[in-house]
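Residue-level structure breakdown
Residues per chain are reported as follows:
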Amino acid sequence: MRIAYSALLALLLGWGGAPASAAPLEKVTIVLPSETPTMHPLTESNFIGTITWRWAYDTLVSAETGSGKIAPWLAVKWEKLGPTQVKFWLRKDAKFNDGTPVTAAAVKHSIDTIVAPETKSRQAAYFREYKGIEVLDDHTFIWHSKGVDNGLLDRITTWGLTVNPKTKGKELAIFAQTSHGSGPYILKSWEKANRMIFEANPNWWGKAKYPDMPKTVILRRIVEPTTRVKALLADEIDIMSGVPPHLIEQVRADPKKVVAAVPGIRLMYLNYSHGIGPLADRNVLLAINHAIDFEKIRKTILGGLAEPMGQLYHPWTYAGYDPQRKWYPYDPGKAKALMKASKYPKGFKITIHTAIGRYPGDNETCEALPGMLKGIGIDATCKPMNYPLYTKLRRAYIDKVGKKDYEKMEPVLLYQGFGNSANDPAGIMRAFAGCKGAWSYYCDKELDAAIDKAARYPDLEDQNVAFGKILDTFKERALVTPFFRIHDVYAYDNRLNFTARHDEKIYPWEISSK
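So, how was this worked out
- Residues numbered from 1 in each chain as written.
- Predicted model: local features only at pLDDT ≥ 70, side-chain atom pairs only at ≥ 80, totals over all residues.
- Heavy atoms only, no water.
- Helix = DSSP H or I, 4+ residues; strand = E, 2+ residues; numbered from the N terminus.
- Rg over C-alpha atoms; globule rule 2.2 N^0.38 Å.
- Buried < 20%, exposed > 50% of the residue type's maximum accessible area, 1.4 Å probe, protein only.
- Contact = heavy atoms within 4.5 Å.
- Lys, Arg positive; Asp, Glu negative; His and termini not counted.
- Charge placed at Lys NZ, Arg CZ, Asp CG, Glu CD.
- Disulfide = S-S within 2.5 Å.
- Axes fitted to C-alpha atoms, helices over the stretch in contact; angles between N-to-C directions.
- Parallel < 35°, antiparallel > 145°, perpendicular 65-115°, else oblique.
- Left-handed = near helix turned anticlockwise from the far one by under 90°.
- Nonpolar A, V, L, I, M, F, W, Y, C, P; charged D, E, K, R; others polar.
- Salt bridge = Lys/Arg side-chain N within 4 Å of Asp/Glu carboxyl O.
- Phe/Tyr/Trp six-rings, centres within 6.5 Å; stacked < 30°, edge-to-face > 60°.
- Pairing = 2+ DSSP bridges.
- pLDDT = per-residue confidence, 0-100.
- Expected span 1.5 Å × (residues − 1).

1. Brief notes about the overall build of the protein chain
Helix and strand counts for the protein chain stand at 15 helices and 19 strands. Against the globule reference of 24 Å for 514 residues, the protein chain gives a C-alpha radius of gyration of 23 Å, in line with a compact fold. If one aligns the C-alpha atoms of the protein chain with their principal axes, the spans along those axes are about 65 × 55 × 45 Å. For the protein chain, the residues scored as buried account for 60% of the 514 residues in total. Across the protein chain, every contact between residues at least 6 apart in sequence was considered, and the portion connecting residues at least 24 apart equals 70%. Distance from the positive charge centre (69 side chains) to the negative charge centre (55 side chains) of the protein chain: 3 Å.

In structure tokens:
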């Protein structure tokens, strides 16, 4: 199924790389709904970060625009030596922006930094199988895993970027001042909550392949979607993501603008502060699932620009995806019966939290949910907030899971998105419900062990079966509630050659002028 999707995208979007242009762009201005919490690419798990970190830092391999095919990047080739060993050969012309050569030792330093306990990296869960890197020489190394890891190459298209080892022991603040990678751009300035300015890296190894890449990339943060559209139509910006469905025709009416929509990877879902008050009652969780009219939200709020999802895996996931899977259907009668059978037949009060403008229709969906839950006696209140505050709130819960004072906290519902750009079924399961998951309000060590076991099956068919059973457990326990997989809707100036990707990333080096 993943191969079919890759082929379809290749036909719809064209293959990666920028078409030849008349002259290199002096600058391009891109706007996103939020900003990365840090430009250190090894410490956080953040989807805006996965976009902007790649501008200044290189991954070992890359997913091609259009097809999603894994292609060489810092590594020019690789070979599987055994079930737990992969040998990589690095390109010899890669340099960090201070002129230091990129070596196998630098790659080892970067991955070791992620998994080091003192780093407290939220990416560490993605490298649970990492055992170590054996450096053979400056440009070759062997990646050793604790067990079979079929998702390694997919994972390192997004995570495990290579950082200059000279930053070891330095304060995180230096990453806000400039970048320390070998990527196509160098961070020149960062005005927090406003804009970042990147300049082309004169020593980047890929300049010959992308000779027309913009010399300057300006990244602006504009939270409100309507304001983003106004800035585009006023020619203040060149490319924007997250065009609201109700504004698409307004953008299309401008002959100088183009709208591109592509089915993406981001799953919108409802999460729960499990074990707190009514959210410790499975009947309540199931009632909530049956009380939500997902199709109504998809059609009215998102204008149909989303794919129904009966699972947590997207089509590019290397194992586990099954297009025939279904989740709990909208059934108000069953929802009422479940509430009646619960310990809370008269209902209860609860707050639904979401970020403002982070994802398409996030605020509007949050505001629609109380009306749906009211019918089963749940008095819900939507409380949207800016993303930094939302992050602070959810982490306050996550950091207390398993501790004595966790169950004394207020029960909450959280509406958010998860992209899984690494195409990793184990990664999303660990993130959602792992004992140390970056987005998890749940801990069951036996479930963790089942996920670890599934991730280590050498045979992909066995993995498909194993991850299917884990998904059955998620559904049976109502650990999360999947809504749909959103389309990524971009708008851009028609003087540009720009191809929308399925994985939310924007590669400025592939942008050129017509």
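2. Some thoughts on the environment of Lys27
Note that Lys27 resides in strand β1 (residues 27-32). Looking at Lys27, the relative accessible area reads 45%, which means it is partly exposed. Along the backbone, Lys27 and Lys215 are 188 residues apart, and their C-alpha atoms lie at a distance of 5.7 Å. The residues contacting Lys27, other than those within four sequence positions of it, are Thr216, Ile218 and Asp238.

3. A short note on unusual backbone geometry
Phi angles above zero are rare outside glycine, and Asn420 is one such case at about 50°. Take Asn420: it is sitting in the loop between β16 (412-418) and α13 (425-433).

4. Section: the state of the cysteines
Linking two cysteines covalently via their sulfur atoms produces the bond known as a disulfide. Per the stated rule, a full pass over the model turns up two disulfides. The residue that forms a disulfide with Cys366 is Cys382, at a sulfur-sulfur distance of 2.2 Å. The chirality of the disulfide connecting Cys366 with Cys382 is right-handed, given an S-S dihedral of about 125°. Placement of the pair is Cys366 in helix α11 (residues 362-374) and Cys382 in strand β15 (residues 378-385), with a sequence separation of 16 residues. Taken individually, Cys366 and Cys382 each receive the classification buried, so the pair is uniform in this respect. For Cys435, the disulfide goes to Cys443, at an S-S distance of 2.1 Å. Looking down the S-S bond of the Cys435 and Cys443 bridge, the torsion is 90°, so its handedness is right-handed. The exposure class of Cys435 is partly exposed, given its relative accessible area of 26%. Residue classification places Cys443 among the partly exposed residues on the basis of a relative accessible area of 40%. Cysteine pairing for the protein chain, with bonded cysteines counted in sequence order: 1-2, 3-4.

5. Topic: the packing of helix α8 (residues 282-291) against helix α10 (residues 332-341)
Each packed pair of helices is defined by two parameters, the angle between the axes and the distance between the axes. Following both chains from N to C, one finds α8 and α10 inclined at 165°, their axes separated by 8 Å at the closest point. Between α8 and α10, the angle is such that the two are roughly antiparallel. In terms of crossing hand, the pair formed by α8 and α10 is left-handed. Mapping the contact onto sequence places Asn283, Val284, Leu286, Ala287, His290 and Ala291 in α8 and Pro332, Lys334, Ala335, Leu338, Met339 and Ala341 in α10. Tallied by class, residues from the contact of α8 with α10 come to nine nonpolar, two polar and one charged.

6. Things to note about the pattern of salt bridges
For the structure on display, the rule yields 27 salt bridges. One salt bridge in this structure joins Asp424 and Arg155, with 3.0 Å as the shortest N-O distance. Taken together, the positions of Asp424 in the loop between β16 and α13 and Arg155 in helix α4 (residues 152-155) put the pair 269 residues apart, joining distant regions of the chain. The same class applies to Asp424 and to Arg155, which are both buried.

7. Concerning the packing of aromatic side chains
Each aromatic ring pair is specified by the distance between its two centres and by the angle formed by the two planes. Tallied over the entire structure, the rule returns 27 aromatic pairs. Ring geometry for Phe47 versus Tyr359: centroids 6.0 Å apart, planes at 25°, classification stacked. One end of the pair, Phe47, is in helix α2 (residues 47-56); the other, Tyr359, is in the loop between β14 (348-355) and α11, and 312 residues separate them in sequence. In this structure Phe47 comes out as buried when scored by relative accessible area, which is 15%.

8. Section: the environment of Lys400
Relative to the assigned elements, Lys400 resides in the loop between α12 (387-398) and β16. Through-space distance from the C-alpha of Lys400 to that of Tyr441 is 8.7 Å; in sequence the pair is 41 residues apart. Discounting residues that sit within four places of it in the chain, Lys400 has contacts with Asp405, Tyr406 and Met409.

9. Considerations on the packing of helix α9 (residues 294-301) against α11
Contact geometry for α9 and α11: axes closest at 11 Å, N-to-C directions at 140°. Judged by the twist between their axes, the crossing of α9 over α11 is right-handed. On α11, the residues touching Lys296, Ile297 and Ile301 of α9 are Glu364, Thr365, Ala368, Leu369 and Met372.

10. What about the side chain of Arg155?
Arg155 gets classed as buried once you look at its relative accessible area, which sits at 4%. Residues contacting Arg155, with those up to four places away along its chain left out, are Tyr126, Phe127, Asp149, Ala422 and Asp424.

11. As for the pairing of strand β7 (residues 140-145)
In terms of residue burial, β7 counts as a mostly covered element, since six of its six residues are buried. Side chains of β7 alternate between two faces, with Thr140, Ile142 and His144 and Phe141, Trp143 and Ser145 buried alike. Where strand β5 (residues 85-90) and β7 come together, five bridges link them in antiparallel fashion. Its bridge partner lying in β7, Gln85 is registered against His144. In this sheet, β7 lies alongside strand β6 (residues 130-137) in antiparallel orientation, the contact comprising six bridges. In the sheet register, Glu134 faces β7, and the bridge partner there is Ile142. The antiparallel hairpin formed by β6 and β7 contains two residues in its connecting segment.

12. Structural notes on the confidence of the model for the protein chain
Predicted coordinates in areas of low pLDDT are best not read in detail. Model confidence for the protein chain is summarised by a mean pLDDT of 93, while 96% of its residues fall at 70 or above. Predicted confidence for residues 1-21 stays below pLDDT 50, and this span has 50 contacts to residues more than four positions away or in other chains.

13. Section: α11
Taking 1.5 Å of rise per residue, the 13 residues of α11 would be expected to cover 18 Å, and the 19 Å separating its terminal C-alpha atoms lies within 8% of that figure. Residues Asp362, Asn363, Thr365, Cys366, Leu369, Pro370, Met372 and Leu373 constitute the buried set of α11.

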